[in-house]
Amino acid sequence: MAAAFVDGPCVLCNALPLCPSTPSLSAGSSPAPPSRATPLTVEQVAQHFYNARRDDVRELLETLAALGHVEATDDGAYAT
């Protein structure tokens, strides 16, 4: 996949990038725990990545759903 993380936590699970560039994040502070967010569509998730191909994002979300990390809704959205 050609998508690259842009900024901020993951829109699905609230995880932070592996190598935070801001001192406050690298100094050991912990992010807020993930909450039940509004389900997001493939398009909404893809907007948080640079040059993300929608088919790749859809495949990734389907994989996360199969693993139980997100839940697919009846209308094609995904929720944590």
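Every value quoted in this text rests on a predicted model; they were computed, and no experiment measured them.

1. Concerning the overall build of the protein chain
When helices and strands are counted, the protein chain shows three helices and four strands. Within the protein chain, the proportion of its 80 residues that are buried is 18%. In the protein chain, once contacts between residues fewer than 6 apart in sequence are set aside, the share between residues at least 24 apart is 53%. Entry remark: accessible area of the protein chain is about 5700 Å², with carbon and sulfur atoms responsible for 56%.

2. Things to note about the pattern of salt bridges
In total, this model carries three salt bridges according to the counting rule given. Ionic pairing is found between Arg53 and Asp56, a salt bridge with its closest N-O pair at 2.9 Å. When its relative accessible area of 52% is taken as the criterion, Arg53 is described as exposed. Classification of Asp56 by relative accessible area gives buried; the value is 16%. A salt bridge links Asp55 to Arg58; the shortest N-O distance between them is 3.3 Å. Note that Asp55 and Arg58 are positioned in helix H3 (residues 54–66) at a spacing of three residues, about one turn of the helix.

3. Re the nonpolar core
Grouped together as the largest cluster of nonpolar side chains are nine residues: Leu40, Val42, Val45, Ala46, Ala52, Val57, Leu61, Val70 and Tyr78. Per-element accounting of this core gives the leading share, three residues, to helix H2 (residues 42–46).

4. Concerning H3
In a regular helix each residue adds 1.5 Å, so 13 residues correspond to 18 Å; H3 covers 18 Å between its end C-alpha atoms and thus fits that length. Looking at H3, one finds that the buried residues are Asp56, Val57 and Leu61. Down the axis, H3 shows its buried residues gathered within 135° of arc, on one side only. Structural note: H3 exposes Asp55 and Ala66 on the side pointing more than 90 degrees away from its buried face. On the buried face of H3, the contacting elements are H2 and strand E4 (78–79). One or two residues past the end of H3 sits Gly68, with phi positive at roughly 85°.

5. Topic: unusual backbone geometry
Not every positive phi belongs to a glycine, and Asn51 is a case in point at roughly 55°. By the secondary structure assignment, Asn51 is in the loop between strand E2 (49–50) and H3.

6. Observations concerning the confidence of the model for the protein chain
Close reading of the predicted structure is inappropriate where its pLDDT is low. The share of residues in the protein chain with pLDDT of 70 or more is 55%, and the mean pLDDT across the chain is 74. Here residues 19–27 is modelled with pLDDT under 50, and outside its nearest four sequence neighbours on either side it reaches four contacts, counting other chains as well.

7. What to know about the environment of Gly76
Along the polypeptide, Gly76 turns up in the loop between strand E3 (71–72) and E4. In this structure, the C-alpha to C-alpha distance between Gly76 and Val42, residues 34 residues apart in sequence, is 8.0 Å.

Calculation notes
Residues numbered from 1 in each chain as written. Predicted model: local features only at pLDDT ≥ 70, side-chain atom pairs only at ≥ 80, totals over all residues. Heavy atoms only, no water. Helix = DSSP H or I, 4+ residues; strand = E, 2+ residues; numbered from the N terminus. Buried < 20%, exposed > 50% of the residue type's maximum accessible area, 1.4 Å probe, protein only. Contact = heavy atoms within 4.5 Å. Areas by Shrake-Rupley, 256 points an atom, 1.4 Å probe, with all protein chains shown as cover. Salt bridge = Lys/Arg side-chain N within 4 Å of Asp/Glu carboxyl O. Core = buried A, V, L, I, M, F, W, Y, C linked by side-chain atoms within 4.5 Å. Expected span 1.5 Å × (residues − 1). Arc of directions from axis to C-beta. pLDDT = per-residue confidence, 0-100.

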